Amino acid sequence: MPLIPFKLPDDGFTELKGTVRADDEFVILHIETSLMGEFNKKQRVVKIEHKALEDAYLKKGLIRDRICLVPKGEELFKAIPGTHIGELVLKTSRKNRADAYDLIETIVRQMVGF
């Protein structure tokens, strides 16, 4: 599965971006945080089990799409930098739409158990 670049909603002066992919066991987020895009860069890898997700879907937009991951509990939000209300929203470019559909399909298939 290809890496899909994304951005998370900004948290003040902190820029949050990274890549997402899914395998048979986890949704894997590589997240980079940086102050104003240049300073104090930190990288983090977050692995989310498919069983920890309640839903996953894609919101299509005119310019940007959004990959939305809805967790079963609030623990997921503690591992991801930024402020999230009810779901984790990954903003991605429209040119990655086909890969985003494949990602969502893989996640949902693993959630159901296929």
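Reading the values: the criteria
- Residues numbered from 1 in each chain as written.
- Predicted model: local features only at pLDDT ≥ 70, side-chain atom pairs only at ≥ 80, totals over all residues.
- Heavy atoms only, no water.
- Helix = DSSP H or I, 4+ residues; strand = E, 2+ residues; numbered from the N terminus.
- Buried < 20%, exposed > 50% of the residue type's maximum accessible area, 1.4 Å probe, protein only.
- Pairing = 2+ DSSP bridges.
- Phe/Tyr/Trp six-rings, centres within 6.5 Å; stacked < 30°, edge-to-face > 60°.
- Lys NZ or Arg CZ within 6 Å of the ring centre and 35° of its normal.
- Salt bridge = Lys/Arg side-chain N within 4 Å of Asp/Glu carboxyl O.

**Considering the environment of Lys-51**
Here comes step 1: Assignment of secondary structure puts Lys-51 in the loop between β4 (39-49) and β5 (53-59).
Here comes step 2: Its relative accessible area of 66% is what places Lys-51 among the exposed residues.
Here comes step 3: Once the C-alpha coordinates of Lys-51 and Met-111 are considered, the two residues, 60 residues apart in sequence, prove to be 5.7 Å apart.

**Concerning the pairing of strand β3 (residues 26-35)**
Put simply, side chains in a regular strand alternate between the two faces of the sheet.
Here comes step 1: In terms of burial, β3 is largely enclosed, as seven of its ten residues are buried.
Here comes step 2: One ladder, built from nine bridges, connects strand β2 (residues 14-22) with β3; its direction is antiparallel. Note on β3: the bridge partner recorded for Thr-19 is His-30.

**Observations regarding the packing of aromatic side chains**
Here comes step 1: Inspection of every chain in the model, using the stated rule, returns zero aromatic pairs.
Here comes step 2: The lysine or arginine in question, Lys-47, covers the ring of Phe-26, its NZ or CZ lying 5.6 Å from the ring centre.

**Quick look at the pattern of salt bridges**
Here comes step 1: One pass over the full model with this rule turns up three salt bridges.
Here comes step 2: For Arg-97, the salt bridge goes to Asp-65, with nearest N and O atoms at 2.7 Å. In this pair, Arg-97 sits in helix α2 (residues 97-112) while Asp-65 sits in strand β6 (residues 64-71), placing the two residues 32 residues apart along the sequence.
Here comes step 3: Measuring nitrogen to oxygen at the nearest pair gives 3.5 Å for the salt bridge that ties Glu-105 to Arg-109. Taken together, the residues Glu-105 and Arg-109, both in helix α2 and four residues apart, mark about one turn of the helix.

**Topic: the pairing of β6**
Here comes step 1: Of all the eight residues making up β6, six are buried; the element is thus mostly covered by neighbouring parts of the structure.
Here comes step 2: A loop of four residues connects β5 with β6, the two strands running antiparallel in sequence.
Here comes step 3: Direction of pairing for β6 relative to strand β7 (residues 88-93): antiparallel, over a ladder of six bridges. Following the sheet pairing, Ile-67 is matched in β7 by Leu-90.

Any link to function would need more than the numbers given here.
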